[in-house]
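These are the residues of each chain, in order.
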Amino acid sequence: MHISPAIVTASGEADNLATPSPWLNRFASLGPAFFTELAPQGMPAPTWLAQSAACAEQLGWPQDWWQREDWQSLQVFSGNTLWPGMQPMATVYSGHQFGVWAGQLGDGRAHLLGEVATPQGPMEIQLKGAGLTPYSRMGDGRAVLRSSIREFLCSEAMAGLGIPTTRALALTASRLPVRRESLETAAIVTRVAPSFIRFGHFEHFAHSDQHAELRRLADFFIQLHAPECQEAESPYAALLEKIAKQTARLMADWQAVGFCHGVMNTDNMSMLGLTLDYGPFGFMDGFDPGHVCNHSDHQGRYAFARQPNMAFWNLHALAQAFMPLMPGAPEAAGETLLQALEPYKTEFAEGLLSRMRAKLGLQMQQQDDRSLIDDWLKLMASSRADYTQSFRRLSALTPSEDPAQLRDLFIDREALGAWLQRYQARLQAENSRDAERAARMRAVNPAVVLRNHLAEVAIRQARAGDFSETERLLKVLQHPFDEPERPSDAALPPDWAQTLEVSCSS
Ligand code: AMP
Ligand code: MG
């Protein structure tokens, strides 16, 4: 595989370089039933809003990729032109939305530009918000500045936290008006992932009785992303089991860090177990297991504590879509697929338990750990204690010092004191050393997460034409376990943020 090397002349100036290549565009080999080829619709007079150097580095692109005049990067990543080798298209998928079959959806505002070779393996590059596609339905194919900043920052924040996610390479903006509840302006996020294939892609071909295409998609996915399944007795059941386990691990990651996705419809579920489609998401401030971050989710279907169950529900929808792939009688096939989902339960439970042990700085495994953890979470919930800060401040605990900072987060101080005694006893049982434990805990409990109010400040400034806060926040979020230079980045939400509502229109 050839990757364009960065050639730097003696004077330090880069020569005219070929744009990144080669483009593999393997999704296109699936055939026209899977997509519509079409060029993105650009934005007039685009400007750069931000780039992620970390994402570009992963792609193996030179640091100044976005500034190279000969690359026309600004025009490419605002949908106005294409690099040689790109093969833009919108893909078709369907899905269950809020538990109900929604029929055909598809990339209504996403253009897959193609798949490029990188040192990390082939990566798909996608523009979100570059205009109408055949799957736009009632939408305008656009994304507004506000939601694009949120998606850009959160993608890179998740990567910084070590949580599987689609990446965000760049953010471009324009004065192009876009109507939502009020008049806003357009932006485009460039997203990067090994694959953007969703549960909904499989559901689409199963529900429309296109079984040959369904099989082609499954075989394609196995070949590219799960080759080990080819050896299994039932490759499709093995694939389902793999997806179930990786989804379980993603849910354990989300629950451990206090992330609420908000719209866990099957069309937003990645076949690679990546966090995908950032909309009205939120990181927990005060801990409320019933927290619903999407104001349109009136039933609370995707409430924080329900996320693991909802992912399991989505996996059942995926299993249903796999049925036409299975040989033999439907009863036996159904049973095989259900069995393939079974490991989800232990993978999630054990995954969360081990993450929680680490968050509490525990190295040994003991019988009572589960109740110690559950009681800590109950204590936090009953005080609506700040999720991120509770763990972070717990790391500083020592037997000799008064835990005033931690105590400030709790209402029932007596209950906190009783729990802390149990915790101290548990630490002693494994001869835990405070300084080492604190360092371990700080390495897994972030100081900074993308709280809504932090994103809001960046959005307000960007609307006024100042993008520096978005850039600054990006850098902070890429190192979430470091104590930030500005204490306010890690602090609890200010009073003005209490009334902040995140619109689900994007
Ligand atoms: P979401 O709720 O963002 O996951 O979107 C669900 C479906 O609606 C997907 O097919 C999207 O492509 C589509 N969609 C959302 N917003 C727009 C828009 N402004 N224009 C076109 N399609 C959209
Ligand atoms: Mg979506």
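### As for the environment of Leu315
Reasoning step 1: Within the secondary structure, Leu315 is located in helix H7 (residues 307–322).
Reasoning step 2: Distance in space between the C-alpha atoms of Leu315 and Met269 is 9.2 Å, their sequence separation being 46 residues.

### Examining the coordination of the magnesium ion (ligand 2)
Reasoning step 1: On the protein side, the magnesium ion (ligand 2) has Asn268 (OD1) and Asp277 (OD) as donor atoms, found 2.0 to 2.1 Å from it.
Reasoning step 2: Overall, Asn268 belongs to the buried group, its relative accessible area being 11%.
Reasoning step 3: The class of Asp277 is buried, set by a relative accessible area of 13%.

### Examining the site of ligand 1
Reasoning step 1: Around ligand 1, the structure places 17 residues, and the nearest of them are Gly106, Gly108, Arg137, Gly141 and Asn268.
Reasoning step 2: Arg142 has a polar backbone atom sitting 3.3 Å from a nitrogen atom of ligand 1.
Reasoning step 3: Summarising the interface, the protein chains cover 80% of the accessible area of ligand 1, which totals 480 Å² for the free molecule.
Reasoning step 4: Across the shell around ligand 1, the residue classes break down as two nonpolar, seven polar and eight charged.
Reasoning step 5: Counting the residues that make up the shell around ligand 1, at least three belong to each of domain 1 (7–196) and domain 2 (200–353).

### A look at the pattern of salt bridges
Reasoning step 1: Under the definition given, this model contains 31 salt bridges.
Reasoning step 2: Measuring nitrogen to oxygen at the nearest pair gives 2.8 Å for the salt bridge that ties Glu151 to Lys128. Here Lys128 lies in strand S7 (residues 123–128) and Glu151 lies in helix H3 (residues 145–161), a separation of 23 residues in the sequence.
Reasoning step 3: Classification of Lys128 as buried rests on a relative accessible area of 10%.
Reasoning step 4: Salt-bridge contacts for Asp277 lead to Arg198; the nearest nitrogen and oxygen are separated by 2.9 Å. Of the two residues, Asp277 is situated in the loop between strand S11 (259–260) and strand S12 (282–283) and Arg198 in the loop between strand S10 (183–193) and helix H4 (199–207); the sequence distance between them amounts to 79 residues.
Reasoning step 5: What emerges from the salt-bridge pattern is a single network uniting Lys128, Glu151, Arg191, Arg198 and Asp277.

### Some words on the pairing of strand S9 (residues 167–179)
Reasoning step 1: Two strands pair when backbone bridges link them, and strand S2 (residues 47–51) and S9 are joined in this way by four bridges, in the antiparallel orientation. Bridge pairing links Trp48 to Thr172 in S9.
Reasoning step 2: Across nine bridges, the pairing between S9 and S10 is antiparallel. Pairing of Thr172 across the sheet is with Ile188, part of S10.
Reasoning step 3: Hairpin connection from S9 to S10: three residues lie between these consecutive antiparallel strands.

### Some thoughts on the nonpolar core
Reasoning step 1: Judged by nonpolar contacts, the single largest core of 127 residues is most densely connected at Phe202, Phe322, Leu360, Trp376, Leu394, Tyr423 and Leu450.
Reasoning step 2: Looking at this core element by element, the count peaks at 13 residues for helix H6 (residues 235–257).
Reasoning step 3: Contact partners of Leu394, with chain neighbours within four places excluded, come to Leu360, Trp376, Leu406, Trp419, Leu420, Tyr423, Arg437 and Met441.
Reasoning step 4: If you look at the next biggest cluster of nonpolar residues, it comprises 27 residues, including Ala56, Ile125, Val144 and Val178.

Quick notes on the rules
Residues numbered from 1 in each chain as written. Chains lettered and ligands numbered in written order. Predicted model: local features only at pLDDT ≥ 70, side-chain atom pairs only at ≥ 80, totals over all residues. Heavy atoms only, no water. Helix = DSSP H or I, 4+ residues; strand = E, 2+ residues; numbered from the N terminus. Donors = N, O, S within 2.8 Å, 3.2 Å for Na, K, Ca; no water. Buried < 20%, exposed > 50% of the residue type's maximum accessible area, 1.4 Å probe, protein only. Near = heavy atom within 4 Å. Polar contact = N/O pair within 3.5 Å; in protein donor to acceptor, adjacent residues only side chain to side chain. Areas by Shrake-Rupley, 256 points an atom, 1.4 Å probe, with all protein chains shown as cover. Nonpolar A, V, L, I, M, F, W, Y, C, P; charged D, E, K, R; others polar. Domains from an automatic or database assignment. Salt bridge = Lys/Arg side-chain N within 4 Å of Asp/Glu carboxyl O. Pairing = 2+ DSSP bridges. Core = buried A, V, L, I, M, F, W, Y, C linked by side-chain atoms within 4.5 Å. Contact = heavy atoms within 4.5 Å.

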